Amino acid sequence: MRYLSFSLPLLILNFFPSASYAFEKNEAFLQDTILFVSPYKEDNELCFKCHAEKKYEYMNETSGKQVKAAMHPGDILSRDKFYASNHKGFSCTDCHSSQFQSFPHPEELKKEPHFNCLDCHGGDAASAVFKFEEIDREFRKSVHFRLEEQGFNCWECHDPHSYRLSFRNSKDMKETVLYDNSICLGCHADYDRFKQFSDRGKIKLSKAHKWLPHQSIHFESVRCIECHTKVNENILVPHYVMPEEAAVRDCRKCHTGNADTMTSLLTIKPTDKGNRKFDNTVIINGLNIIGANRNKYLDNIILIFFAGIMTIIGVHILFRVIRK
Amino acid sequence: MYLYPLWIRLWHFVNAILIMILIITGAAMQFADADHPLLTAGFAGSARLHDVAAIILTISYIAFVAGNIVTGNSKYYRISKKNLFSGTGKQLKYFLYGMFRKEKQPFPVTMDNKFNPLEKVSYNLIMYIIMPLLILSGIIMLFQDLKVIIVFGTGLFIFTDILHIILGFLVSVFLIIHVYCCTIGPKPGSLFRGLISGYQESEEQ
Ligand code: HEM
């Protein structure tokens, strides 16, 4: 009894390790973002002055007139997002022509070719872990690649002015899920944007996912890509978005004790700390997945117990028959 | 002897059906295995049915507790501490060998004493400890996104998840033993008939 009163609270506490989920990296990342001051802050301000506003205004030196106009929605940026993004250390003119410093911007610059991700990250040692070439190959198989002619490229999901790595830096898995899903929802829940690339009718997401029990909980805790992409073990985040029909509809993919069949979100091991020898790393990621928290020992105890009871009952029946 | 008033029979019928649905759907989810051909039953359907049955069960559980308070059926559940161990011991001995020696029931059913001590203990355990905890842990998992629940963090879900599995398992164990013990009456089918008609056949028959 004494042992029990001592070990029981410990056992229960074992289930509440939330604090230790914090990925250490996250603290450093946040601190970095808060303290970050771009060496190009003033230069960039020349652009943000207009491009962070809905309306802009400048003095046209040739005509001598004050020009006021509405900024094209696609050209509006956010300072906050930019300075929290992975590209925060860049100057605008690192990627854009320095001729943009004149107003109005020269007409021919509008056709300025944009860099794509591979222009910088292809073969780049610093981002080798991401395997951009492999990502590119996967993207070319994905349904989104069909929209390339309509102008769909990496940037539709990874806006270079705001994209930040969230997965490996996040303390809170749900925050990551929210961030990553907002990328998909940027088009799939915004029909105006969706229309730019596709002439499919409006898709109602809640209706399309009607078969899925506990929809809202799933949407908060699972990324769209977990079910809608084909896992590729060579890259950190799968980019092969499959056609709608091929999406995972098998609950057991996640809701069993077998981590191998799980999608990329669940197999990530942020840290080995606090591993409680359950079947998989889900618990460490701070998510609770019913069925995936299965404990083999518990399952076995249950089955053995059942077998025991059935045997006792069987023997009892036998005696009842004999002694009748 | 009229031992089971209509409301108990109705409650018990609804309760038994729901519990069986919950056990089957619960086990289908718990033992789901993508690689096992036998365990490939519809998971999403099980999850839905489990939710619906659980909500109805919660209501029927409340009705059971309320009914017991209102009608005085609860008097049958009262255990006297003094005879707790000796009583259950006697009953257990009867089940283990007494009944094979054609001994008499140590606690014959009377209007004042519907349950033997073993029944009292097990019915109390199941209805007043296991079921409330099972329902509570289920509610926590069903309403994961409620603010009051989120405060406790993921640990709470993992804890309740495992607790729920253990308790659900205990209910399955209870069910098997319960149904089996109910075959031990004047005739194997007597108690079941009793719960349908309301009248318990007496031992002497
Ligand atoms: C197929 C399923 C079931 C069958 C055939 C069955 C059968 C019976 C029978 C014959 C009785 C009358 C015997 C007695 O008074 O002790 C009874 C009573 C009782 N059963 Fe069940 N049972 C089933 C499932 C359950 C379940 C799942 C529960 C609870 C979780 C349960 C709880 C009770 C209780 C509390 C009583 C006493 C009711 C009262 O008179 O106050 N039974 N059952």
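Residues numbered from 1 in each chain as written. Chains lettered and ligands numbered in written order. Predicted model: local features only at pLDDT ≥ 70, side-chain atom pairs only at ≥ 80, totals over all residues. Heavy atoms only, no water.

**Regarding the overall build of chain B**
Part 1 of the argument: The secondary structure content of chain B amounts to 7 helices and 0 strands.
Part 2 of the argument: Along chain B, helices and strands appear, N-terminal first, in the series α-α-α-α-α-α-α.
Part 3 of the argument: Here chain B, with 205 residues, has 42% of them falling under the buried criterion.
Part 4 of the argument: For chain B, the proportion of contacts with a sequence separation of at least 24, taken over those separated by at least 6, is 67%.
Part 5 of the argument: In chain B, which carries 16 positive and 11 negative side-chain charges, the distance between the mean positions of the two groups comes to 13 Å. (Helix = DSSP H or I, 4+ residues; strand = E, 2+ residues; numbered from the N terminus. Buried < 20%, exposed > 50% of the residue type's maximum accessible area, 1.4 Å probe, protein only. Contact = heavy atoms within 4.5 Å. Lys, Arg positive; Asp, Glu negative; His and termini not counted. Charge placed at Lys NZ, Arg CZ, Asp CG, Glu CD.)

**Examining the site of the ligand**
All names here are of chain B.
Part 1 of the argument: Every one of the 23 residues lining the ligand counts as a neighbour, but His12, Tyr77, Glu119, Tyr123 and His178 are closest to it.
Part 2 of the argument: Within the side chain of His12, an N or O atom sits 2.7 Å from a nitrogen atom of the ligand.
Part 3 of the argument: Between Glu119 and the ligand, the recorded distance is 2.6 Å, taken from a side-chain N or O atom to an oxygen atom.
Part 4 of the argument: Elements with a minimum of two residues in the shell around the ligand: α1 (6-30), α4 (117-142), α6 (154-181) and α7 (190-197).
Part 5 of the argument: At 7 residues, the largest contribution of residues to the shell around the ligand is made by α1.
Part 6 of the argument: For the shell around the ligand, the per-class residue count stands at 17 nonpolar, 4 polar and 2 charged. (Near = heavy atom within 4 Å. Polar contact = N/O pair within 3.5 Å; in protein donor to acceptor, adjacent residues only side chain to side chain. Nonpolar A, V, L, I, M, F, W, Y, C, P; charged D, E, K, R; others polar.)

**Some remarks on the nonpolar core**
Part 1 of the argument: Grouped together as the largest cluster of nonpolar side chains are 21 residues, with contacts concentrated most on Leu57(B), Tyr77(B), Ile126(B), Met127(B), Met131(B) and Val171(B).
Part 2 of the argument: Elements supplying a minimum of two residues to this core: α1, α2 (43-71), α4 and α6 of chain B.
Part 3 of the argument: At 7 residues, the largest contribution of residues to this core is made by α4(B).
Part 4 of the argument: Not counting chain neighbours up to four residues away, the residues in contact with Ile126(B) comprise Met131(B), Pro132(B), Val171(B) and Phe174(B).
Part 5 of the argument: Counting residues in hydrophobic clusters, the runner-up holds 14 residues, among them Leu298(A), Ile313(A), Phe95(B) and Met99(B). (Core = buried A, V, L, I, M, F, W, Y, C linked by side-chain atoms within 4.5 Å.)

**Side note on the confidence of the model for chain B**
Part 1 of the argument: Looking at chain B as a whole, its pLDDT mean stands at 88, while 92% of the residues score no less than 70.
Part 2 of the argument: Predicted as a complex, the structure gets a pTM of 0.76 and an ipTM equal to 0.87. (pLDDT = per-residue confidence, 0-100.)

**Some remarks on a positive patch on the surface**
Part 1 of the argument: A surface patch of positive charge is lined by Lys204(A), Lys207(A), Lys210(A) and Arg48(B).
Part 2 of the argument: If you trace the backbone, Lys207(A) turns up in helix α10 (residues 205-208). (Patch = residues over 30% accessible without salt bridge, like charges linked within 9 Å, V, L, I, M, F, W, Y side chains within 5 Å. Areas by Shrake-Rupley, 256 points an atom, 1.4 Å probe, with all protein chains shown as cover. Salt bridge = Lys/Arg side-chain N within 4 Å of Asp/Glu carboxyl O.)

**Re a nonpolar patch on the surface**
Residues and elements named next belong to chain B.
Part 1 of the argument: On the surface, a nonpolar cluster with roughly 430 Å² of combined accessible area is contributed by Phe13, Val14, Ile17, Val52 and Ile56.
Part 2 of the argument: The element contributing the most residues to the nonpolar patch is α1, with 3 residues.
Part 3 of the argument: In this structure, Val14 sits in helix α1.
Part 4 of the argument: On the accessibility criterion, Val14 (34% relative accessible area) is partly exposed.

**Re the coordination of the iron atom of the ligand**
All names here are of chain B.
Part 1 of the argument: Here the iron atom of the ligand is held by the protein donor atoms His12 (NE2) and His178 (NE2), which lie 1.9 Å from it.
Part 2 of the argument: One can describe the donor arrangement at the iron atom of the ligand as octahedral, given that its 6 donor atoms subtend angles of 86 to 179° at the metal. With a gap of 166 residues between them, His12 in helix α1 and His178 in helix α6 connect regions that are remote in the sequence.
Part 3 of the argument: The class of His12 is partly exposed, set by a relative accessible area of 23%. (Donors = N, O, S within 2.8 Å, 3.2 Å for Na, K, Ca; no water. Tetrahedral: all angles 85-135°; square planar, octahedral: opposite > 155°, others 65-115°.)

**Examining the packing of aromatic side chains**
Where two aromatic rings form a pair, the distance of their centres and the angle of their planes describe that pair.
Part 1 of the argument: Summed over all chains, the structure comprises 24 aromatic pairs over all chains.
Part 2 of the argument: Pairing Phe48(A) with Tyr83(A) gives two aromatic rings, centres 5.9 Å apart and planes at 65°, and the pair type is edge-to-face. Here the residue Phe48(A) occupies a position in helix α3 (residues 41-51), and Tyr83(A) occupies one in helix α4 (residues 79-84), the gap between them amounting to 35 residues.
Part 3 of the argument: Given a relative accessible area of 2%, Phe48(A) falls into the buried group.
Part 4 of the argument: For Tyr83(A), a relative accessible area of 14% translates into the label buried.
Part 5 of the argument: Connected via pairs of aromatic rings, a cluster forms that spans Trp11(B), Phe64(B), Tyr76(B), Tyr77(B), Phe115(B), Tyr123(B), Tyr128(B) and Phe174(B). (Phe/Tyr/Trp six-rings, centres within 6.5 Å; stacked < 30°, edge-to-face > 60°.)

**Examining the pattern of salt bridges**
Residue and element names in this part refer to chain A.
Part 1 of the argument: Applying the stated criterion across every chain, the model contains 10 salt bridges over all chains.
Part 2 of the argument: Where Glu134 meets Arg137, a salt bridge forms, and the shortest distance between an N and an O atom there is 2.8 Å. Here Glu134 and its partner Arg137 are both found in helix α7 (residues 132-141), 3 residues apart, which amounts to about one turn of the helix.
Part 3 of the argument: Taking relative accessible area as the criterion, Glu134 reaches 17% and is therefore assigned buried.
Part 4 of the argument: The salt bridge partner of Asp136 is Arg140, with a shortest N-O separation of 3.1 Å.

**A closer look at α7(A)**
Part 1 of the argument: Listed as buried for α7(A) are Phe132(A), Glu134(A), Ile135(A), Asp136(A), Glu138(A) and Phe139(A).
Part 2 of the argument: The inward-facing, buried residues of α7(A) contact α6 (117-121) of chain A.

**Observations concerning the pairing of strand β2 (residues 65-70) of chain A**
Residue and element names in this part refer to chain A.
Part 1 of the argument: Little of β2 is tucked away: 0 of the 6 residues are buried.
Part 2 of the argument: Sheet analysis places strand β1 (residues 55-60) next to β2, joined by 6 bridges and oriented antiparallel. Looking at β2, one finds that Tyr56 is bridged to Ala69.
Part 3 of the argument: Linking β1 to β2, which pair antiparallel, is a turn of 4 residues; within it Gly64 sits at a positive phi near 70°. (Pairing = 2+ DSSP bridges.)

**What to know about the side chain of His144(A)**
All names here are of chain A.
Part 1 of the argument: Mapped onto the elements, His144 comes out in the loop between α7 and α8 (173-188).
Part 2 of the argument: Residue class for His144 comes out buried when judged on its relative accessible area of 17%.
Part 3 of the argument: In contact with His144, other than residues within four places in its own chain, are Phe139, Phe152, His188 and Val241.

**Structural notes on the packing of α2(B) against α4(B)**
All names here are of chain B.
Part 1 of the argument: As a packed pair, α2 and α4 sit with axes 11 Å apart at the nearest point and diverge in direction by 145°. Crossing angle aside, the handedness with which α2 passes α4 is left-handed. Judged by residue contacts, Asp51, Ile55, Leu57, Thr58, Tyr61, Phe64, Val65 and Asn68 of α2 engage Met127, Tyr128, Met131, Pro132, Ile135 and Leu142 from α4.
Part 2 of the argument: Across the contact of α2 with α4, the residue classes break down as 11 nonpolar, 2 polar and 1 charged. (Axes fitted to C-alpha atoms, helices over the stretch in contact; angles between N-to-C directions. Left-handed = near helix turned anticlockwise from the far one by under 90°.)

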